[in-house]
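# Structural characterization, general
Letter by letter, the chains look like this.
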Amino acid sequence: MLVDPPIDPPVDVVIVGGGASGLAAAWRLAMRGRSVRLLEQGETIDQRAAPSLGPQWERALQSRFHGNPNIRRLPADYPVNAADTPIQPASYTALGGGTQRWGAHFPRLRPGDFRVRSLDGVGEDWPIGYADLDAWFDLNDRMMGVCGVAGDPANPPRPERPMPPLPLGPGPKRLAAAFDRLGWHWWPADSAVATTPYGERGACNNCGPCGVGCPRLARASADLAYAGAARAAGAIISTGARTLRIRAEGARATGVDYVQGGIQRNQPARAVILAANGMGTARLLLASASPDHPAGLANRSGQVGRNLMHHPTAMVTGLFAERLDGHKGPFACVLFSQQHIESDAARGFIRGYQFQAIRGGGPVQTALGGYMARVPWGRGHHADFERIFLHSVSLTVTAEDLPEPDNRVILDPVLTDSDGIAAPALHYRLADNARRMLDHGIAAGAQVMRAAGAVDVVVNPFVAAAGFHFLGTARMGTDPGTSVVDALGRAHDVPNLVLVDGAVFVTAGAVNPTSTIQAIALRNADALADRLEAA
Amino acid sequence: MTDRLAALLATLIPGDADWPSGAIVAPVVAADLAGVEAAVLAVLPADFAAGDEAAVHECEVALPAPFERVVTALYIAYYTDPQVRRVLEARTGYEARPPQPLGYELPPFDDALLDRQRLRAPFWRDPDKESA
Ligand SMILES: Cc1cc2nc3c(=O)[nH]c(=O)nc-3n(C[C@H](O)[C@H](O)[C@H](O)COP(=O)(O)OP(=O)(O)OC[C@H]3O[C@@H](n4cnc5c(N)ncnc54)[C@H](O)[C@@H]3O)c2cc1C
């Protein structure tokens, strides 16, 4: 039996999670005149004081800005049991969520990604298509401030970008020439980085480590793009506020219990939005089990937590005799290739993968290996270090994962966060199809590196640290027996509970998901505003 | 204990005419590890001396997880050390300064690089057309 905590004044919508999706939804609802309260367990980060202003910025990247919550262990982080998955979690806990820590590579899912079953006979089709999101993609691009160049033949047409693309720099420039030589696709990335002043944000000065925040505010994060605008429209954004459970009576969510400053309270609301990311959202639904919802909230289908998809990743690094100055310029959002993204049965796997260029890192990251093996210790250490440092450029092989019911998030029976809520436990196996895709990508990536003039090619066949994307754990669909939410993110079992994050993805595509997540968040929030207005 | 740690670090990153050895950051590594290194040092031979790579290899095999933590702490401390950063600057030109506020020049994107790609016809699959 739950004890009733003190009750806050009711709002139209309470949003759990202040990351990429939650903040976009908060802005849209507040703009539409709804009263909104957003609860974020992390704190606000002042990027104007980013660690890249000081000598210990690489130490920050390995500690409080580490992508893995089990290593970072901020007080607001929840632990993750990752013993039964080869892919370790990467996320961030603060206002802005993962976009505090991200690479700002901003591709969109492609039209075929919404029709995987129809096109290729695997996975499931989405109940929405690219056209349903088109206008929301564009709106989100304007809010986030995206640079790039229109005309990419691998993607549907999109408006001229408001800012020119990032310069390639020496390493990616060699890769571009190699792709051209092979007759393969490449294009400058759409990046959530301001290359010219954008509103109150300064232009990028090519400093490199976007992952510790940007003191010029050139690299977008969801807090920069949306939090101020949401507040200006009347939204209340509370940080250090951890949601413990969603309350529901029958088929109606009534609000959330949360703890802030050690005090438990209840925030009642006409509607609840969950935006805690594909791992945190599934966890909270399962942790909100009640007599009316014994298997977890909105889990009559048994699908909550299932179909967890990442983007399995391999890394191909070219070492060059010439200096490539990989420390200059945003790390991971300058160039991509979708040459092998569409299905081709001759390749021995279904669906496809994307290449994403990755520059070199600073000295600590180089020594520790980044997404590669670390530089060996011992007599050859400095020679090996100098062979790589400033002389490398990499390609990720970012593979499409397909939904598998046994890849899932469950509640750990033992591990809890500091408020006693069960931690998520991840169970995941790499599918044979994805493995074959990675192997193809490794061979193709090595071909690119050789065509680019690399003197050596080093491969990491499987990047364990690449658990950046948590998708599919409460998927959308029309059938309440096989999906958790409908095409507008409404939980089938609890229609005033709306999901807006990557949990609702039906399939994963082979591209970084945040642009699509935010487009969905804006669309679902807008539809919720319509419903609240009409009621 | 401190001498043994310094000897271990000097084996992991030996010094030469230019580079200082890992031993220069022993106090920082000890503070970062807060005791994790004790188990690693305990399995090294009693007469362990800097340069004994065979003994360190055995230790890496015997205690992979704590050993990895020692190496990680060393690499972080070493490559953020001001003296090491000055050597790095002298040898590679990588400036011994933080990335900000100076950053680097942001040259314009060279649009001519796209000449070849612009000739390519759209190749994304349109499910509406395929199913029509
Ligand atoms: C190192 C790294 C690099 C990345 N690079 C890219 C990239 O280049 N391009 C790209 O598209 N994506 C990238 N991503 C992924 C991107 O960050 C995520 O896709 C995106 O942030 C997901 O948005 P979200 O709103 O679903 O979740 P998040 O942004 O993770 O936000 C969820 C928020 O919910 C909060 N929360 C969770 N549980 C609770 C609770 N119980 N109570 C209150 N608050 C809670 C969390 O603290 C968090 O702030 C990267 C991620 C990482 C870690």
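The structure contained in this document is the topic of the report that follows. (Residues numbered from 1 in each chain as written. Chains lettered and ligands numbered in written order. Predicted model: local features only at pLDDT ≥ 70, side-chain atom pairs only at ≥ 80, totals over all residues. Heavy atoms only, no water.)

### Some thoughts on the overall build of chain B
Counting its regular elements, chain B contains eight helices and zero strands. The order of α-helices and β-strands along chain B, N terminus first, is α-α-α-α-α-α-α-α. The C-alpha radius of gyration of chain B comes to 24 Å, more than 25% above the 14 Å expected for a compact globule of 132 residues. Its C-alpha atoms give chain B principal-axis dimensions of about 75 × 40 × 25 Å. Looking at chain B as a whole, 42% of its 132 residues are labelled buried. As displayed, chain B offers around 6700 Å² of accessible surface, 58% of which is attributable to carbon and sulfur atoms. Distance between charge centroids for chain B: 10 Å, based on 11 positive and 21 negative side chains. (Helix = DSSP H or I, 4+ residues; strand = E, 2+ residues; numbered from the N terminus. Rg over C-alpha atoms; globule rule 2.2 N^0.38 Å. Buried < 20%, exposed > 50% of the residue type's maximum accessible area, 1.4 Å probe, protein only. Areas by Shrake-Rupley, 256 points an atom, 1.4 Å probe, with all protein chains shown as cover. Lys, Arg positive; Asp, Glu negative; His and termini not counted. Charge placed at Lys NZ, Arg CZ, Asp CG, Glu CD.)

### What to know about the site of the ligand
All names here are of chain A. In the vicinity of the ligand lie 37 residues, with Ser-21, Glu-40, His-105, Thr-243 and Thr-514 positioned nearest. Note that an oxygen atom of the ligand is positioned 2.7 Å from one of the side-chain N or O atoms of Glu-40. Thr-243 is positioned with one of its backbone polar atoms (N or O) 2.9 Å from a nitrogen atom of the ligand. When the ligand is considered free in solution it has 990 Å² of accessible area, and contact with the protein chains removes 95% of it. Per element, the largest residue contribution to the shell around the ligand is three residues, and it comes from strand S6 (residues 241-249). Grouping the amino acids of the shell around the ligand by side-chain chemistry returns 16 nonpolar, 17 polar and four charged. (Near = heavy atom within 4 Å. Polar contact = N/O pair within 3.5 Å; in protein donor to acceptor, adjacent residues only side chain to side chain. Nonpolar A, V, L, I, M, F, W, Y, C, P; charged D, E, K, R; others polar.)

### Looking at helix H5 (residues 130-144) of chain A
All names here are of chain A. Over its 15 residues, H5 extends 20 Å from the first C-alpha to the last, a length consistent with the 21 Å expected when each residue adds 1.5 Å. Remark: the principal bend of H5, roughly 25 degrees, maps to Trp-136. Among all positions in H5, only Tyr-130, Leu-133, Trp-136, Phe-137, Asp-138, Leu-139, Asn-140, Asp-141, Met-143 and Met-144 are buried. Of the surrounding elements, those touching the buried residues of H5 are helix H1 (20-31), helix H7 (222-232) and helix H12 (514-534). Positive phi shows up at Gly-145, right after H5, with a value of about 80 degrees. (Expected span 1.5 Å × (residues − 1). Bend = angle between axes of the 7 residues up to and from the residue. Contact = heavy atoms within 4.5 Å.)

### Some remarks on the sheet that holds strand S15 (residues 456-460) of chain A
The six strands lie next to each other as S4-S10-S11-S12-S9-S15 (chain A), forming an open sheet whose pairing is antiparallel. Looking at the sheet topology across the chains shown, the edges are occupied by strand S4 (187-188) and S15 of chain A. (Pairing = 2+ DSSP bridges.)

### As for the nonpolar core
One finds A:Ile15, A:Ile273, A:Leu285 and A:Leu497 to be the most contacted residues of the largest nonpolar core, which totals 142 residues. Those residues in contact with A:Leu497, other than ones at most four positions away along the chain, are A:Ala253, A:Val272, A:Leu274, A:Leu285, A:Leu297, A:Ala298, A:Gly489, A:Arg490 and A:Ala491. Residues A:Trp57, A:Leu61, A:Phe385 and B:Val71 belong to the second largest nonpolar core, which totals 49 residues. (Core = buried A, V, L, I, M, F, W, Y, C linked by side-chain atoms within 4.5 Å.)

### Describing empty space enclosed by the protein
Applying the stated criterion across every chain yields a total of one cavity of 30 Å³ or more. Roughly 100 Å³ of volume is contained in the largest cavity. Its residues assigned to classes, the lining of the largest cavity comprises nine nonpolar, five polar and one charged. (1 Å grid on protein atoms, 1.4 Å probe; cavity = no way out; pocket = protein on both sides within 12 Å on 5 of 7 lines; lining within 4 Å. Points joined across faces, edges and corners; volume = space filled by probe spheres on them.)

### Points about the interface of chain A and chain B
Facing the 68 residues of chain A at the interface are 56 residues of chain B. Here chain A and chain B share an interface that buries about 5300 Å² over both sides, 62% of which is from carbon and sulfur atoms. For the interface between chain A and chain B, the tally reads six salt bridges. Where A:Asp120 meets B:Arg125, a salt bridge forms, and the shortest distance between an N and an O atom there is 3.3 Å. Summed over the shared surface of chain A and chain B, the result is 29 residue pairs in polar contact (both at pLDDT 80 or more). The set of elements that each furnish at least two residues to the side of chain A that touches chain B consists of helix H2 (57-62), helix H4 (116-120), helix H6 (170-182), S4, helix H9 (363-368) and helix H10 (381-388) of chain A. (Buried area = accessible area lost by both parts, 1.4 Å probe. Salt bridge = Lys/Arg side-chain N within 4 Å of Asp/Glu carboxyl O.)

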